[in-house]
Each structure stands twice: as structure tokens, then as C-alpha cells.
Number of protein chains: 2
Amino acid sequence: MSHSNNHVPAIVIGRLPLYLRALTQLASDGRHVTSSQELSEKLGFSSAQIRKDLSYFGEFGKQGTGYEIELLEQALKEILQVHHVWDMALVGAGDLGRALANYNGFEARGFRIACIFDSASSKVGTLINHWRVLPMDALRESVRARKIYLAIIAVPAIAAQQVADELVEGGVRAILNYAPTTLSVPPRVKVFHIDPVAGLQSMTYYL
Amino acid sequence: MSHSNNHVPAIVIGRLPLYLRALTQLASDGRHVTSSQELSEKLGFSSAQIRKDLSYFGEFGKQGTGYEIELLEQALKEILQVHHVWDMALVGAGDLGRALANYNGFEARGFRIACIFDSASSKVGTLINHWRVLPMDALRESVRARKIYLAIIAVPAIAAQQVADELVEGGVRAILNYAPTTLSVPPRVKVFHIDPVAGLQSMTYYL
DNA sequence: CCATGTGAATACATTCACAGCA
DNA sequence: TGCTGTGAATGTATTCACATGG
């Protein structure tokens, strides 16, 4: 009943994008209805967990039937606030930055790179997939002026903290960090860290 | 006392690489001793959690002093089995695959790309940072012959499951999956999934 | 002293199991 | 009937708080 204000555990929020991804995939297969059971098999979470996670936000299913895919997809997009597209600043125009700039999977899922920054004067001014690379000293004011609240850090570890500081000063509220180092930011700023090597290392433990 | 056989929670294993990363960083700053308190501040986990995590594997600290960095670093490398370097197969020679092939942060942390595969005949035979791209139909036998147990999937979502199947048939035991789709593999095979968009979506929830 | 290592206590997350409704 | 939504029960993880020993 009293949904949406009861404080939802962060671990639940972390699963919602996976539910959303699976639903979009089902929809693109032409499917219209699914069940917690089917999602369970596709995703590897228990059906009870999926039902309980969704119950934090409302009642989206029909007893005896399941979930209308399009409806649940839309509901999750609104919960996650990805029913509109977010502009992002990309910092770092190395190999990784270029791969991210060329990745065409962002838009359909709610994100768009709006500008690219790099500190190397050899890269500033060059074109990457229609963006002209901007100098780092324009970072703070650019993101502030353009009201950009999301950023991707794709610079070497050594430079990451300073970039994060400038992003925060520019008003950025969430950072996707590819640098293999922990960032220290004010509590209002969210950081999601991607470290492929850490992932590999936690798998080799089991081998 | 009876360490190392008591079943360690996966969530603990997932934090060890972060402890290791922080220790390596401290060591490269010329430091020799640290404490759970200092690591706590650097990493954002509680000091009690760090101590408890480490206690699953042994007693590495000195009361009143803390941890000898070099020693703990070495211990964690052995626990995670990254005291030697693992060969990996990289599947997918698109922008992401090339970025991974050019990434020079693998070796120092226990990994090395040994071969690269792609299905596009336009890419097969080309050179990427000294590797010659091999055709997909050589995948299964190559990884088997070279005893490669780790692979990175960097292909479009649509192709990912089939690639995973062939890797598994070739004897691969752990997969780092960059394709935005859930893979189904036998229980003995570990999968670590990286989906930057899912990370972004779980942050926009809070904005 | 000071910081570890660890049982005990607490907090959190998942699963169970079933009432309720299409 | 079949599947959701959800309290209650169980299972995990984190934190507390302190005895221990350098």
C-alpha cells in the first residue's frame, strides 16, 4: 500500500535496470505478457525476489496472468527516471573514451553523451564521432552552463580524483567511474564504479 | 582459527580486489604499514568489515600496529590467485574490443589477453596491438588447445549467448561479459557482468 | 597504550507459503 | 485454476564492543 516513500534498499534499485533490460528484450521479441517465473529463469533471481522488489513501487501484475510487459517496462523507466534522456559529460578521449563515444547503446536506454573533454592538447579540437573534444579547463563551467548532472570518467587513475572534484564543482550529481581507483566525493554525489580487473580477480578466486 | 575452508561469502570475495587495489596504490606511494582504519577511509567500507573480511583467510595484522602492506598485498594475490598471470581470450574486435586490447592495466593485476576473435571476415586477419584477429570458428579449439580458462565477451547482445556457449565448450571457466544481456551457463562457469547503462540507471533513480 | 580479531547483537535481504483475486 | 503480493520465517551480512597481545 504506502509505496514509493518507504525507503527502498539500494540493492533493489540495482536490480531494477536488469528487470528493465529483460523486459525490453522480451518486448522486442514481440511478447506482451510475462511472469515473475519467466523473468526468474531469464535473470537468475528467484521469482519471489522479483515480486518483492516490484512490490516496493506498486502493484503491476495481474493475479493468475502475470505482468503486461509494456506497462511494467514503462513503470520501471519512470521509477529509474529514464523515460527521458539524460545528457552526460565524457571525460577522457583515450581508447576507452572513444569506445564509449562510439557506443550506440546509450540512447535507447536513457542516456546521451553531450560533450567530451580531454587534458591533452593533442586531442583537444579533434573530432570523435561528431563531438569536438573540449579542453579540461572548460569542464567545470561547461557542465554547469549546460546543466549536466551525469558524467563518465575515463581517464587514468592518477587523474581521476581531480576530474571528479571539478565535475562536482560543476554540479554533477552522478559519476560513472572507469578509473581503477576509489573516488572521494560529497555524500550527495553518487558514484558507480566499473573495474573489469576487479571482476576478473573475484572470479579467479573460484578457479 | 580454522580458516580457508569455512566457506567465504561471495560478497566478501568481491571486496578483496578493492582491498588489493588500495594496498598496491599505498605501496606505490612508498608506504609500508596501514590499518583497517586507513583502508576504511580510502575505500568507504567500515574498518570492522575490512577486519572481518580478512579474518576469513588468516591473521595478517599486528595488534597495536596494523598491516604490513607488502605482506597483505601478497596474501591477497595468492587468495585471489593473481600471483601469476592468467591468459584470456577476447571475443569481439569492435570499438570496445580494441579498447580492451589496448588497455595496459591488465598485466600488473594478473591478466593478459592471449588471443582475439571476431566473426566479421573484414576484421579477421587484421592486427590489433600486435594480435592478429582470429575467426570465430577457431574459437572453441583455440581456447581448448591453449588451455585458456578466462574470456572477455565484447560482442553485441544478440551474439553473446552463442559466443558463451562456444567458450564453455572450449573449457572456459570464467567470463567477463560486456554484452548487455544475461548469459546462461553451467553452474561451474562464473560470469561477471559489466553493464555501464545499468550502473547509470541505478544512479538516476536517486536524482 | 593502540589496533587487531572475533563472538554476540543487530540490521538487512531473501525465501517461504498462502490469502486473494482475475 | 494460476500467479501476484506480502506478512512471517529464515538466512546473511554488518556492526558492536571488548579481550588480547605487541
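Refer to the structure presented above.
Throughout, a residue's number is its position along its own chain's written sequence, starting from 1. Lettering for chains starts from A, numbering for ligands starts from 1, and both go in the order in which the items are written. Owing to the predicted nature of the model, reporting of local features is limited to residues with pLDDT of at least 70; listing and counting of side-chain atom pairs is limited to 80 or more, with chain, interface and lining totals taken over all residues. To get the side-chain values, take all heavy atoms of the structure and skip hydrogens and water.

Re the packing of aromatic side chains
No. 1: Between 30 and 60 degrees the pair is tilted, below 30 it is stacked and above 60 it is edge-to-face, where a pair is any two Phe, Tyr or Trp rings, Trp via its six-membered ring, whose centres lie within 6.5 Å. For the coordinates displayed, the defined rule picks out eight aromatic pairs over all chains.
No. 2: Taken together, a centroid distance of 6.4 Å and an interplanar angle of 80° make the contact between Tyr-205 of chain A and Phe-57 of chain B edge-to-face. Placement of Tyr-205 of chain A in the segment after helix H8 (196-204) and of Phe-57 of chain B in the loop between helix H3 (47-55) and strand S2 (61-62) is noted, with the two residues assigned to different chains.
No. 3: Judged by relative accessible area, which is 22%, Tyr-205 of chain A ranks as partly exposed.
No. 4: For the pair Tyr-205 of chain B and Tyr-206 of chain B, a centre-to-centre distance of 4.9 Å together with 90° between the ring planes defines the contact as edge-to-face. Only DSSP runs of H or I with at least four residues qualify as helices, and only runs of E with at least two residues qualify as strands; both kinds are numbered from the N terminus onward. Buried, partly exposed and exposed residues are distinguished by accessible area as a fraction of the type maximum, computed with a 1.4 Å probe on protein chains only: under 20%, between the cut-offs, and over 50%, respectively.

Here's the deal with the relation of the copies chain A and chain B
No. 1: Rotating chain A by 180° and moving it 0.0 Å along the rotation axis overlays it on chain B with an RMSD of 0.0 Å. Here the symmetry operator amounts to a two-fold rotation axis. Closest approach to the rotation axis within chain A is made by the C-alpha atom of Ala-99 of chain A, at a distance of 3.3 Å. What sets the superposition is a least-squares fit of C-alpha atoms, and only residues with pLDDT of at least 70 in both copies go into it.

Focus on the pairing of strand S5 (residues 111-118) of chain B
Residues and elements named next belong to chain B.
No. 1: In terms of burial, S5 is a largely internal element, seven of the eight residues being buried.
No. 2: Strand direction decides the pairing type here: strand S4 (residues 86-91) and S5, joined by six bridges, are parallel. Its bridge partner lying in S5, Trp-86 is registered against Phe-111. Here, strands pair whenever DSSP counts at least two bridges between them.

Re the sheet that holds strand S2 (residues 61-62) of chain A
The strands making up a sheet associate through backbone hydrogen bonding, with each pair oriented either parallel or antiparallel.
All names here are of chain A.
No. 1: Spatially, the three strands line up as an open sheet ordered S1-S3-S2, and their pairing is antiparallel. Only two strands of the sheet have a single neighbouring strand rather than two, namely strand S1 (33-34) and S2.
No. 2: Two strands pair when backbone bridges link them, and S1 and strand S3 (residues 66-68) are joined in this way by two bridges, in the antiparallel orientation. The partner of Val-33 across the bridge, within S3, is Glu-68.

Some remarks on the protein's contact with DNA strand C
No. 1: For DNA strand C, the set of nearby residues contains 23 residues, the closest of which are Ser-46 and Gln-63 of chain A together with Ser-36, Arg-51 and Tyr-67 of chain B.
No. 2: Here DNA strand C approaches the protein such that, of its atoms within 4 Å, sugar and phosphate make up 61%.
No. 3: In the model, a base nitrogen of DNA strand C is placed 3.4 Å from a nitrogen or oxygen of the Lys-52 of chain B side chain.
No. 4: Take Phe-60 of chain B: an N or O atom from its main chain is 2.9 Å from a phosphate oxygen of DNA strand C. Nearness of a residue to a molecule or strand requires only that one of the residue's heavy atoms be within 4 Å of it. Polar contacts, as used here, are pairs of N or O atoms within 3.5 Å; protein pairs need one atom able to donate a hydrogen and one able to accept it. Residues neighboring in sequence count only if both atoms are side-chain atoms.

So, helix H2 (residues 36-43) of chain A
Since the α-helix turns once every 3.6 residues, residues separated by three or four places project in the same direction.
Residue and element names in this part refer to chain A.
No. 1: Those residues of H2 not exposed but buried are Ser-36, Glu-38, Leu-39, Ser-40 and Leu-43.
No. 2: Between two residues, a contact is recorded if the distance between any of their heavy atoms is within 4.5 Å. Each element contacted by the buried residues of H2 is listed here: helix H1 (10-28), S1, helix H3 (47-55) and S3.
No. 3: Downstream of H2 by a residue or two, Gly-44 has a phi angle that is positive, lying close to 85°.

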